[in-house]
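The lines below spell out each chain.
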Amino acid sequence: MRRNVWAALTGVVAAATVLASAELVAVFISAEASPLFSVGSLMIDLAPPGVKDVMISLFGTGDKAALLTLLGIIVVAGACIAGLLEYHRPPWGIVVLVVFSAIAVVAVTTRDGASGFSAIPTVVGMLVGVFVLRALQQRLKRWDSREAGIRKRAEAAAAVIASGVSTPVAANVGPATSAPSTPAPTVRTGPASYERRQFLTFVIVAAAASAVVGAGARLMNATAAAVTSARNALVLPAPSTAAPVIPSGAELGISGISPVITPAGDFYRIDTALQVPQLNPDSWKLRIYGMVENEVEISFADLLALPLVEDTITLTCVSNEVGGDLIGNATWLGYPIRDLLTRAKPTAGADMVLSKSSDGFTAGSPLEVLQDTDRQSLLAVGMNGAPLPVEHGFPVRMVVPGLYGYVSATKWVVEMKVTTFAQDMGYWTPRGWTALGPIKTSSRIDTPKNNAGLAAGTIPIAGVAWAQHTGIAKVEVQVDNGPWVEATLADAISADTWRQWVLPWQATSGNHVIAVRATDTSGYTQTSDEAPPAPSGSTGLHTIQLTVQ
Ligand SMILES: Nc1nc2c(c(=O)[nH]1)N[C@H]1C(S)=C(S)[C@@H](COP(=O)(O)O)O[C@H]1N2
Ligand SMILES: [Mo]
């Protein structure tokens, strides 16, 4: 049993040296060729549609720690198995180590923007790991055989002493002879403890070296890739067309309601990126190609030199549950995508633009939406008066009013392919989400909170409602399945943004159920039919329960 623990430990230490040496070599090859993160990204991409909802809630919302923890557990379990197999059935432990490394090689080399060189760190790591595993196992086995030898001799000596005859064998054993009835594991000196020391020293040195080298190299790789300094140094030009003025009546000033402009730090984040892509604006380029008469390539400097416009647009995620928080409103600075498309001149028959990020995410947007002169689809560089935060797409992303993010809002965008829906699909479409993703009209109660306990009296029921690019016409509130009562709407910024609403309510003691529904300017009123987010966005009415004292 104790032997198996040591054997498993050799696997874990070997795995640690694989990761640490790969990380170290990645410092010289490519900061992004780190195997662990690449395997994590591959797991995200390969996750079957069945787990996609779990995935969105687990990883999509920025909780990348969950995936890394899972990955860590898999690696440690695999490493224990490798150590045990190598101990009991060599060379199967080495085979396991090589197979794990091979998966990592596939992951690093199939990443977007990877080359054959990206395999080098993992391959070097694997060789170091095989060497360490073999060396540790040799030492463990030498320790074993010494102990077994001593035990045999001790047993032999004990037998001899018991029979009253002294032999030279017993004299060699040292302390064991003076305590012949004590079993071998308590032997504290002699060759076995030497071998044990050899083994344990190797374990400790290899583990400590892996921790120090691995952490140091990871830090170097992360800093080498970081673009925060480039972002901090960036001064964006003033817009040539300013955002619509936000009417003072757009903000109702009710405590607990979502502010009409969402600060960047509070803005929801959804993406498949395990490591936030770090794109240097100096080398950023956007290529527009495919079904176009003129291919267009534009640098970041070219983009900033164009007349930029500012517009306030509410972004929503298709994964937002009824009452959920995957929605935010910001003022974006950018260049109209339609003007870039005019330069590229799409050819007849094209109906989709497949935008692609530096890390391989794609979104398929209808060409006519991006060309619509009434709709401000932006190639955005700024958010709420500052450069885009790195996790929101620095240096450049797309923002399209009226479409869910997964079919339009490509962050870290580097390519736009003019194509057809018949020929191409965005990232989420083969994973069970619809190809077209217009945002569904919806509304949310921000205050009071669900299950709140309140004192009787007049309290505001308030929240936000949205129907991007159509506009909100009416919000109604229903208390305890009574009649629908119209709420007061805050002033609109534009049809592309959400609107706050409020209804003062005379709270009487008891339990209450409160629901909200919005009607948009097309005359559509939210359905009470409940649908989950997949495949085209949730429906149903946000409903809360309250207890009034
Ligand atoms: N590169 C990239 N862009 C992306 C995504 C992604 O996974 N990768 N997710 C999209 C989705 S599903 C949404 S809802 C929005 C969210 O944008 P935000 O994180 O800035 O709120 O980004 C979109 N753009
Ligand atoms: Mo999304």
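About the criteria used
Residues numbered from 1 in each chain as written. Chains lettered and ligands numbered in written order. Predicted model: local features only at pLDDT ≥ 70, side-chain atom pairs only at ≥ 80, totals over all residues. Heavy atoms only, no water. Pairing = 2+ DSSP bridges. Helix = DSSP H or I, 4+ residues; strand = E, 2+ residues; numbered from the N terminus. UniProt positions renumbered as here; feature names shortened; annotations may be inferred. Core = buried A, V, L, I, M, F, W, Y, C linked by side-chain atoms within 4.5 Å. Buried < 20%, exposed > 50% of the residue type's maximum accessible area, 1.4 Å probe, protein only. 1 Å grid on protein atoms, 1.4 Å probe; cavity = no way out; pocket = protein on both sides within 12 Å on 5 of 7 lines; lining within 4 Å. Points joined across faces, edges and corners; volume = space filled by probe spheres on them. Nonpolar A, V, L, I, M, F, W, Y, C, P; charged D, E, K, R; others polar. Domains from an automatic or database assignment. Near = heavy atom within 4 Å. Polar contact = N/O pair within 3.5 Å; in protein donor to acceptor, adjacent residues only side chain to side chain. Areas by Shrake-Rupley, 256 points an atom, 1.4 Å probe, with all protein chains shown as cover. Contact = heavy atoms within 4.5 Å. Buried area = accessible area lost by both parts, 1.4 Å probe. Salt bridge = Lys/Arg side-chain N within 4 Å of Asp/Glu carboxyl O. Arc of directions from axis to C-beta. Axes fitted to C-alpha atoms, helices over the stretch in contact; angles between N-to-C directions. Parallel < 35°, antiparallel > 145°, perpendicular 65-115°, else oblique. Left-handed = near helix turned anticlockwise from the far one by under 90°. Phe/Tyr/Trp six-rings, centres within 6.5 Å; stacked < 30°, edge-to-face > 60°. Lys NZ or Arg CZ within 6 Å of the ring centre and 35° of its normal.

Caption draft 1: Here's a closer look at the sheet that holds strand 11 (residues 442-447). Judged by pairing direction, the sheet is antiparallel, and its 4 strands sit side by side in the order 11-13-17-16 without closing on themselves. Two strands close off the open sheet at either side, each with one partner strand: strand 11 and strand 16 (488-489).

Caption draft 2: Just the UniProt feature "transmembrane region" (unreviewed entry) in the protein, in detail. The UniProt entry lists residues 65-85, 92-110, 116-136 and 199-220 under the feature "transmembrane region" (unreviewed entry), expressed in the numbering used here. Between the first and last C-alpha atoms of residues 116-136 the distance is 31 Å; the span itself is 86% helix and 0% strand. Counting secondary structure, residues 199-220 comes out at 100% helix and 0% strand; the distance between its end C-alpha atoms is 31 Å.

Caption draft 3: Seen up close, the nonpolar core. Core analysis: the biggest nonpolar cluster contains 76 residues, and Leu286, Ile288, Leu303, Trp332, Leu379 and Val381 have the highest contact counts within it. Formed by 22 residues, the second largest nonpolar core is a distinct cluster that contains Val475, Trp501, Ile514 and Val516.

Caption draft 4: Quick peek at empty space enclosed by the protein. All chains considered together, the criterion is met by 5 cavities of 30 Å³ or more. There is about 80 Å³ of room inside the second largest cavity. Contributing to the lining of the second largest cavity are Thr316, Cys317, Asn320, Glu321, Val322, Gly323, Tyr404, Lys440, Ser442, Trp466 and Ser538. Residue composition of the lining of the second largest cavity, by class: 4 nonpolar, 5 polar and 2 charged. Of the residues that make up the lining of the second largest cavity, three or more belong to each of domain 2 (258-431) and domain 3 (442-548).

Caption draft 5: The site of ligand 1, seen in detail. Near ligand 1 you find 18 residues, and of these Tyr268, Thr272, His392, Arg397 and Lys411 are the closest. The contact in question runs from an oxygen atom of ligand 1 to an N or O atom on the backbone of Thr272, over 2.8 Å. Across the complex, the protein chains shield 99% of the 530 Å² of accessible surface that ligand 1 would expose by itself. Tallied by class, residues from the shell around ligand 1 come to 8 nonpolar, 5 polar and 5 charged.

Caption draft 6: Molecular detail of the UniProt feature "domain: Oxidoreductase molybdopterin-binding" (unreviewed entry) in the protein. Mapped onto this numbering, the UniProt entry annotates "domain: Oxidoreductase molybdopterin-binding" (unreviewed entry) at residues 274-424. Along residues 274-424 the backbone is 13% helical and 38% strand, and the end-to-end C-alpha distance reaches 25 Å.

Caption draft 7: Examining the domain arrangement of the protein more closely. Domain assignment breaks the protein into domain 1 (2-150 + 192-222), domain 2 (258-431) and domain 3 (442-548). The C-alpha centroid of domain 3 is placed 30 Å from the C-alpha centroid of domain 2. Every contact between the two is made by 28 residues of domain 2 and, on the other side, 21 residues of domain 3. Taken together, both faces of the contact between domain 2 and domain 3 bury some 1900 Å²; the carbon and sulfur share is 55%. Interface area lost by domain 2 to domain 3 is led by Ser258, Val322 and Ile327, which between them contribute 31%. Where domain 2 meets domain 3, there are 0 salt bridges. Broken down by element, the side of domain 2 that touches domain 3 gets its largest block of residues, 6 residues, from strand 3 (residues 309-316).

Caption draft 8: The pairing of strand 13 (residues 457-466), seen in detail. Judged by how many residues are buried, strand 13 sits mostly within the fold: 7 of 10 residues are covered. The sheet contact formed by strand 11 and strand 13 spans 5 bridges and is antiparallel. Paired with Ser443 across the strands is Ala465, a residue of strand 13. One ladder, built from 9 bridges, connects strand 13 with strand 17 (residues 499-507); its direction is antiparallel.

Caption draft 9: Broad picture of helix 12 (residues 337-344). What helix 12 keeps buried is the set Ile337, Arg338, Leu340, Leu341 and Ala344. On an axial view of helix 12, the arc spanned by its buried residues comes to 160°, and they lie on one face.

Caption draft 10: Molecular detail of the packing of helix 2 (residues 35-46) against helix 4 (residues 64-88). Where helix 2 meets helix 4, the closest approach of the two axes is 10 Å, and the angle between their N-to-C directions is 110°. As summarised for this structure, helix 2 and helix 4 are arranged roughly perpendicular, according to the angle between their axes. Relative to helix 4, the crossing made by helix 2 is right-handed. Judged by residue contacts, Leu36, Phe37, Val39, Gly40, Met43 and Ile44 of helix 2 engage Leu67, Leu68, Leu70, Leu71, Ile74 and Val75 from helix 4. Its residues assigned to classes, the contact of helix 2 with helix 4 shows 11 nonpolar, 1 polar and no charged.

Caption draft 11: Fine view of the side chain of Ser118. Tracing the sequence through the fold places Ser118 in the loop between helix 5 (92-110) and helix 6 (119-162). Residue Ser118 is classed as buried on the basis of its relative accessible area, which comes to 6%. Setting aside chain neighbours within four positions, we find Ser118 in contact with Ala33 and Val108.

Caption draft 12: Structural detail: the side chain of Gln376. Along the chain, the position of Gln376 falls in the loop between helix 13 (367-371) and strand 7 (378-383). Within the structure, Gln376 has its side chain in polar contact with the side chain of Arg338 (distance 3.0 Å). With near-sequence residues (within four places) excluded, Gln376 lies in contact with Val309, Asp311, Ile313, Pro336, Arg338, Val399 and Pro401.

Caption draft 13: Focus on the packing of aromatic side chains. On inspection of all chains with the given rule, the structure shows 10 aromatic pairs. Ring plane angle 85° and centroid distance 5.7 Å describe the contact between Trp6 and Phe199, whose orientation is recorded as edge-to-face. Here Phe199 lies in helix 9 (residues 191-225) and Trp6 lies in helix 1 (residues 2-29), a separation of 193 residues in the sequence. These aromatic residues form a ring-pair network of at least three members: Phe361, Tyr406, Tyr427, Trp428 and Trp433. Taking the ring centre of Trp143 as reference, the NZ or CZ of Arg3 above it sits at 4.2 Å. Sitting over the face of the ring of Tyr427, Arg431 holds its NZ or CZ atom 3.7 Å from the ring centroid.

Caption draft 14: Just the pattern of salt bridges, in detail. The final tally for this structure, using the stated rule, is 11 salt bridges. Of the charged contacts, one joins Asp144 and Arg3 as a salt bridge, the two residues approaching to 2.1 Å between their closest N and O atoms. With Asp144 in helix 6 and Arg3 in helix 1, this pair connects stretches of sequence that are 141 residues apart. Arg3 gets classed as buried once you look at its relative accessible area, which sits at 15%. Put simply, Glu295 and Arg287 hold a salt bridge, and the shortest N to O gap is 3.3 Å. According to the relative accessible area criterion, Arg287 is partly exposed, its value standing at 27%. Residues joined by salt bridges that share partners form a network here, namely Arg269, Asp271 and Lys411.

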